[in-house]
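Understanding the architecture of this molecule
Residues per chain are reported as follows:
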Amino acid sequence: MKEKIRFTKMHGCGNDYIYINMMEYDIADPQSAAIAWSHRHKGIGSDGLVLIGKSSIPEADFSMHIYNADGSEAMMCGNASRCIGKYLYERGLTKKTEIKLLTLSGVKTLQLHVNNGIVESVTVDMLEPVFEDENQFLAGRLSKGVFVSMGNPHYVIFTDHVDQVEETGRILEMHPAFPQRCNIEFASVGQDGSIRTRVWERGSGITMACGTGACATAVAAAFTGKVGRKSNIVMDGGTLSIEWRESDNHVYMTGPAEFVFDGEIELDKLQTI
């Protein structure tokens, strides 16, 4: 009999991932699993695979490992971290409303906003942004962008034509200026101060939303004087509220997380599509 494991499909503003409780299962080859299971037509369908596990250090309660749809491992995902908070609380794995989550880019604090036992939204302390090479120019017709690291690399370009993400996102992800590849944001500031943003995620392509991308966009907009330290980032799948707090220089992201469905899949279905 072939071994099956249970999974949960969740999304944050349309950024959807497959979640596995690694305290119950073991996946020897998560890279292959991410590729096969993320396929929109031949698999479960997702932007990637998220593994929830025990923390290896006492400073954190749980751990997160995330693999993009192409099998590459990501350092951090803001939308996935919010979903993990909801998963842990509503599935009875913790009673805490403040959870310390170990990621490859450090320990993130999740503040759960709970009403009648339901996690309605989550605020994530994304720690401090890091600026690098903010004066670099990319070849071609694109204007100057701002490089911001939120534990993973982002290049934010302010433009009135955010839909160019479809034709240039893939090219910029692989640009020689980014030897480890890069997430690319195209952003336009509205008259009300909200920022319309479309994202090409490293390893996944166009996604409905990107939590770290929203944070990078808000920081880049504040850094260049386009908005203040609080802004709403309007992405394809929904809106995230971002605050770049002056008191500690940390970036705080607040947004929803939703269950989609639960299911089972055979562990041997790991062939590369």
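The structure reproduced in this document is the subject of the present report. (Residues numbered from 1 in each chain as written. Predicted model: local features only at pLDDT ≥ 70, side-chain atom pairs only at ≥ 80, totals over all residues. Heavy atoms only, no water.)

Judged by nonpolar contacts, the single largest core of 52 residues is most densely connected at Tyr 19 and Ile 242. Among the elements that take part in this core, helix H4 (residues 211-223) stands out by supplying eight residues, more than any other. Setting aside chain neighbours within four positions, we find Tyr 19 in contact with Phe 7, Thr 8, Met 10, Val 50, Ile 52, Asn 79, Ala 80, Cys 83 and Ile 84. Counting 16 residues, the second-largest nonpolar core is a separate cluster that includes Ile 20, Ile 27, Leu 51 and Ile 265. (Core = buried A, V, L, I, M, F, W, Y, C linked by side-chain atoms within 4.5 Å. Buried < 20%, exposed > 50% of the residue type's maximum accessible area, 1.4 Å probe, protein only. Helix = DSSP H or I, 4+ residues; strand = E, 2+ residues; numbered from the N terminus. Contact = heavy atoms within 4.5 Å.)

Next up on the list: the packing of aromatic side chains. Applying the stated criterion across every chain, the model contains five aromatic pairs. Ring geometry for Phe 131 versus Trp 244: centroids 6.1 Å apart, planes at 50°, classification tilted. Of the two residues, Phe 131 sits in strand E9 (residues 130-131) while Trp 244 sits in strand E16 (residues 238-244), which places them 113 residues apart along the sequence. For Trp 244, a relative accessible area of 9% corresponds to the buried category. An aromatic cluster of at least three residues, connected via ring pairs, comprises Phe 131, Phe 223 and Trp 244. One residue, Lys 226, lies across the ring of Phe 158, its end atom 4.6 Å from the ring centre. (Phe/Tyr/Trp six-rings, centres within 6.5 Å; stacked < 30°, edge-to-face > 60°. Lys NZ or Arg CZ within 6 Å of the ring centre and 35° of its normal.)

Compared with the 18 Å implied by 1.5 Å per residue over 13 residues, the 19 Å span of helix H2 (residues 78-90) between its first and last C-alpha is a close match. Looking at H2, one finds that the buried residues are Gly 78, Asn 79, Ala 80, Ser 81, Arg 82, Cys 83, Ile 84, Gly 85, Lys 86, Tyr 87 and Leu 88. In the stretch just after H2, Gly 92 is the one whose phi turns positive, near 75°. (Expected span 1.5 Å × (residues − 1).)

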